[in-house]
Amino acid sequence: MRYSIPRFWRERLNYYRLKAAKCLDCGRVLYPYTSVCRVCGSRNVVEVELINEKARLLTYTVIYTAGEGFEQKRPVVIGIVETLESKARILARITDVDIEELKTGIILEPVLRRAGEDGETGLIHYLIMYRPVLEKAGS
Ligand SMILES: [Zn+2]
């Protein structure tokens, strides 16, 4: 994964806010943002942000053979989450979770995490990942 700095700068708010499209005809919320609804084909869509929504883990896979540059972080967990209110589905890294405690249905929240570094440009990449919502003691 390599981005030019200008492209990354232009698109950073989309990454960091989880910009999505809400279709005003069929009501679906689609991530990433699209100007045409992938469900009904309507162009009647508005921008919404999913960054403040918690999400439920629908399915996941654990990758033990991480690629070059990710050796320190394995295993890598990739999941499909569904936001609780918008019901948008997002493919994302799952972080801060014990593999033994990983199961579908757990509630997650988005968090900005350092994902890697481009050796050529020195650009540090951050990604929105999802982590389990910590249960507060006594609540
Ligand atoms: Zn639609």
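Preceding this section is the structure that the text describes.
A short tour of the structure in this document, coming up. (Residues numbered from 1 in each chain as written. Predicted model: local features only at pLDDT ≥ 70, side-chain atom pairs only at ≥ 80, totals over all residues. Heavy atoms only, no water.)

The next subject is the pairing of strand 7 (residues 107–117). Side chains on a regular strand alternate between the two faces of the sheet. Strand direction decides the pairing type here: strand 4 (residues 55–63) and strand 7, joined by 2 bridges, are antiparallel. The residue bridging Ala55 from the neighbouring strand is Leu108, located in strand 7. In sequence, strand 7 turns back onto strand 8 (residues 124–132) through a hairpin of 6 residues, with Gly122 there showing a positive phi of about 75 degrees. (Pairing = 2+ DSSP bridges. Helix = DSSP H or I, 4+ residues; strand = E, 2+ residues; numbered from the N terminus.)

A few words now on the packing of aromatic side chains. Summed over all chains, the structure comprises 0 aromatic pairs. When the ring centre of Tyr33 is taken as reference, the NZ or CZ atom of Lys19 above it lies at 4.6 Å. (Phe/Tyr/Trp six-rings, centres within 6.5 Å; stacked < 30°, edge-to-face > 60°. Lys NZ or Arg CZ within 6 Å of the ring centre and 35° of its normal.)

Here the zinc ion is held by the protein donor atoms Cys23 (SG), Cys26 (SG), Cys37 (SG) and Cys40 (SG), which lie 2.3 Å from it. Metal-centred angles of 104 to 118 degrees between the 4 donor atoms at the zinc ion mark the site as tetrahedral. On the primary sequence, the residues serving as donors to the zinc ion are separated as C-x2-C-x10-C-x2-C. Taken together, the positions of Cys23 in strand 1 (residues 19–23) and Cys40 in the loop between strand 2 (29–30) and strand 3 (45–49) put the pair 17 residues apart, joining distant regions of the chain. Taking relative accessible area as the criterion, Cys23 reaches 1% and is therefore assigned buried. (Donors = N, O, S within 2.8 Å, 3.2 Å for Na, K, Ca; no water. Tetrahedral: all angles 85-135°; square planar, octahedral: opposite > 155°, others 65-115°. Buried < 20%, exposed > 50% of the residue type's maximum accessible area, 1.4 Å probe, protein only.)

We now examine the sheet that holds strand 3. Strand order in the open sheet formed by 3 strands is 2-1-3, and the pairing between neighbours is antiparallel. Each end of this open sheet is capped by a strand with a single partner; those strands are strand 2 and strand 3. Two elements, strand 1 and strand 3, share 5 bridges in a ladder whose sense is antiparallel. Bridging from a neighbouring strand, Lys19 pairs with Glu49 of strand 3.

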